[in-house]
Amino acid sequence: MSESFENENIQYFSGKENSLYMRRFYNQRFLCDYQLNWYPFDIQNCFMKMEIKKSYSPFIQLLVDQYEYTGPQYLTQYEVRSISMEIRKNSNEIQEVFLTISLGRQLLGVLLNVIIPTIVLLIISYSTNFYKDDYFESVIAINLTTMLVIVTLFVSVCIQKYNPITHKTKLH
C-alpha cells in the first residue's frame, strides 16, 4: 500500500518572496463638533481617526490609495468642500488613518432666509421716519410689528444655528 503524499508535487517558498495584500471596506458614521463663531461664513472641519492595535503594528502597513465619498455634495445647510485621507504615525509609532472632511455653509439659503428679509423689514421700519405726524399711531404699529418680526427671525436663526434641521421633533 503506497502513501498518497509520495505522488504530490509540493514546493515551499519563504514568506519574504510572497507579499499578502488585503483590502477592506469601511462604512463609518461619526459626529462632528461644529464651531459656529463665524456664522454664516463658517467652514467646518470634521475629523476621524482609525488606528490599528499595537500588537498588529509590526505586521501591518496601512495604505490609502483609494477612497470615495458616496453621499451628496450639497447637504441641508452645508456643501462638502473637500475630503482628505492620510496615514500618520502616532507617538507610539503606530500607524493611523486620519480623515478630514471640510464643510462650507451654503450662503444662498442664509441670504434668502435671513439677510434679505431683515433688510426689507429695516427699510419698512426706516420709511416710517418720513410719515407725517398725523400718522403717529400707524408709525408705532409698524415699528412694533417690524421689531417683533425681526426678533422672531433672530430667534429662529439661533435655534437653527444650535439645533440642526431634521425631521425629528426637538423637545427642550
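Model, not experiment: these values are computed from the prediction.

Peer 1: How do you make sense of the pairing of strand 3 (residues 95-105) when you look at a structure like this?
Peer 2: Successive side chains on a regular strand alternate, one facing one side of the sheet and the next facing the other. Here strand 3 lies mainly inside the structure; eleven of its eleven residues are buried. Along strand 3, one buried face is formed by Q95, V97, L99, I101, L103 and R105 and the opposite face, lined by E96, F98, T100, S102 and G104, is buried too. Two elements, strand 1 (residues 43-51) and strand 3, share nine bridges in a ladder whose sense is antiparallel. Following the sheet pairing, I43 is matched in strand 3 by G104. Bridge analysis of strand 2 (residues 78-89) against strand 3 gives eleven bridges, and the strand direction is antiparallel. Within strand 3, the position partnered with M85 by the bridge is L99.

Peer 1: Would you mind showing me how to read the sheet that holds strand 2 here?
Peer 2: Strand pairing in a sheet relies on backbone hydrogen bonds, with the paired strands running either antiparallel or parallel. Pairing is antiparallel across the open sheet formed by three strands, whose spatial order is 1-3-2. Of all strands in the sheet, those bounded by a partner on one side alone are strand 1 and strand 2. Here the strands of the sheet are splayed against their neighbours by 15° on average, with no regard to which way each runs.

Peer 1: Hey, could you run me through the nonpolar core in this one?
Peer 2: As a rule of thumb, nonpolar side chains are buried together in soluble globular proteins. Counting nine residues, the largest nonpolar core consists of C32, L36, C46, M48, Y78, V80, L99, I101 and L103. Those elements giving two or more residues to this core turn out to be strand 1, strand 2 and strand 3. The leading source of residues in this core is strand 3, at three residues. The contact partners of M48, leaving out residues within four places of it in the chain, are Q28, F30, V97, F98 and L99.

Peer 1: Can you walk me through the environment of Q61 in this structure?
Peer 2: Relative to the elements of secondary structure, Q61 occurs in the loop between strand 1 and strand 2. Using a relative accessible area of 62% as the deciding quantity, one classes Q61 as exposed. Note: C-alpha distance between Q61 and Q95 (34 residues apart in sequence) is 7.6 Å.

Reading guide: rules and limits
- Residues numbered from 1 in each chain as written.
- Predicted model: local features only at pLDDT ≥ 70, side-chain atom pairs only at ≥ 80, totals over all residues.
- Heavy atoms only, no water.
- Buried < 20%, exposed > 50% of the residue type's maximum accessible area, 1.4 Å probe, protein only.
- Helix = DSSP H or I, 4+ residues; strand = E, 2+ residues; numbered from the N terminus.
- Pairing = 2+ DSSP bridges.
- Axes fitted to C-alpha atoms, helices over the stretch in contact; angles between N-to-C directions.
- Core = buried A, V, L, I, M, F, W, Y, C linked by side-chain atoms within 4.5 Å.
- Contact = heavy atoms within 4.5 Å.

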